[in-house]
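# Fold and contact review
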Amino acid sequence: MTSLAEIWPPFGLSLSTPRLTIRPVLDEDIPSAVAAARSGVHPPGKSPFSMPWAELPDHELAPNMAQWYWRCRANFTPESWTLLLAIWHDDEFLGVQDLGAKNFKTLKTVGTGSWLKQSAQGQGYGKEMRAAVVSFAFDYLGAEVAESEAAIWNQQSLGVSTSLGYEPNGIFRDGWGEKVEEVQRVRLTPTTFKRPDWTLKVQGHEELKTYLKL
């Protein structure tokens, strides 16, 4: 019988770090993702996201999250793609790490974003999962630049970036809902990347590269 990964190769990707299993969010994972988000992602009224999705009431949060996962899959092309990767520690769903790009074949640039439920924060998981996806992008996809951004008050996210070797790449003003935020862009290259002291284990990357026409 044909597997789902054979039909849609991104589903076959799997990254493993010492503590985490990182793989695309499947439909069967969505209830776990919703439960993790409902448990709390950030303090009330202090959203670190340009779209304050985690503040939606429960009856809106679940369908909004499901639609987002489905939308990213439906819009996934070699020219513009976003991988939404579930973060698992043993059998516990901790959050989501995304990795995306536009015109990657030419620009060789990826962007990242992520969230962790509050009970999983402050334990180094954020750094571990970001290190995993940028290692994958540099070493397996041939990326030359990894970019990210965070509100200038979000020292937790910016601290992860700094610890991995990201360098400041300009500040801009952006409208986050009804608020104006000062947002810090950061940039990482294989040369500046402060690699972890562990080796990333990767499965399913060749099929993904073929699908992305790399």
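The structure this text deals with has already been given above.
A few points on the structure. (Residues numbered from 1 in each chain as written. Predicted model: local features only at pLDDT ≥ 70, side-chain atom pairs only at ≥ 80, totals over all residues. Heavy atoms only, no water.)

In this structure the tally under the stated criterion is eight salt bridges. Between Arg-195 and Asp-139 there is a salt bridge; the shortest N-O distance is 2.8 Å. Here the residue Arg-195 occupies a position in the loop between strand S8 (179-188) and strand S9 (201-203), and Asp-139 occupies one in helix H5 (residues 125-139), the gap between them amounting to 56 residues. We classify Arg-195 as partly exposed; its relative accessible area is 43%. (Salt bridge = Lys/Arg side-chain N within 4 Å of Asp/Glu carboxyl O. Helix = DSSP H or I, 4+ residues; strand = E, 2+ residues; numbered from the N terminus. Buried < 20%, exposed > 50% of the residue type's maximum accessible area, 1.4 Å probe, protein only.)

Attention shifts here to the nonpolar core. Counting residues in each nonpolar core, the largest one holds 44 residues, and the members touching the most others are Leu-13, Leu-15, Ile-22, Trp-81, Val-110, Val-134 and Phe-136. Mapped by element, the contributors of at least two residues to this core are strand S3 (80-89), strand S4 (92-102), strand S5 (109-116), H5, strand S6 (145-151), helix H6 (155-163) and S8. It is H5 that contributes the most residues to this core, nine residues altogether. (Core = buried A, V, L, I, M, F, W, Y, C linked by side-chain atoms within 4.5 Å.)

Quick look at unusual backbone geometry now. If you check the backbone angles, Asp-90 has positive phi at about 55° while not being a glycine. Turning to its location among the elements, Asp-90 is positioned in the loop between S3 and S4. Positioned with a positive phi, Asn-103 is a non-glycine residue whose angle comes to about 50°. Structurally, the position occupied by Asn-103 is in the loop between S4 and helix H4 (104-107). On the basis of relative accessible area, Asn-103 is assigned to the partly exposed category, the value being 40%.

To continue, consider the sheet that holds S6. Pairing is mixed in the open sheet, where nine strands are placed in the order S7-S8-S6-S5-S4-S3-S2-S1-S9. The open sheet has two free edges, formed respectively by strand S7 (167-176) and S9, since each of these has just one partner strand. When the angles between neighbouring strand axes are averaged without regard to direction, this sheet yields 25°. Both S5 and S6 contribute to a ladder of three bridges, which runs parallel. Residue pairing for S6: Val-110 is matched across the bridge by Ala-146. (Pairing = 2+ DSSP bridges. Axes fitted to C-alpha atoms, helices over the stretch in contact; angles between N-to-C directions.)

On to the side chain of Ser-148, then. Along the polypeptide, Ser-148 turns up in strand S6. Owing to a relative accessible area of 10%, Ser-148 belongs among the buried residues under this scheme. Setting aside anything within four residues of it in sequence, one finds Ser-148 in contact with Thr-112, Arg-130, Tyr-166, Gln-184, Arg-185 and Val-186. (Contact = heavy atoms within 4.5 Å.)

This brings us to the packing of helix H2 (residues 30-38) against helix H3 (residues 58-74). Taken N-terminus to C-terminus, the directions of H2 and H3 make an angle of 135°; their axes are 10 Å apart at the nearest point. The angle between the axes of H2 and H3 places the two elements in the oblique class. Crossing hand, H2 versus H3: right-handed. Across the interface between the two elements, Ile-30, Ala-33, Val-34, Ala-37 and Arg-38 of H2 pack against Asp-58, Leu-61, Ala-62, Met-65, Ala-66, Tyr-69 and Trp-70 of H3. Class assignment for the residues of the contact of H2 with H3 results in ten nonpolar, no polar and two charged. (Parallel < 35°, antiparallel > 145°, perpendicular 65-115°, else oblique. Left-handed = near helix turned anticlockwise from the far one by under 90°. Nonpolar A, V, L, I, M, F, W, Y, C, P; charged D, E, K, R; others polar.)

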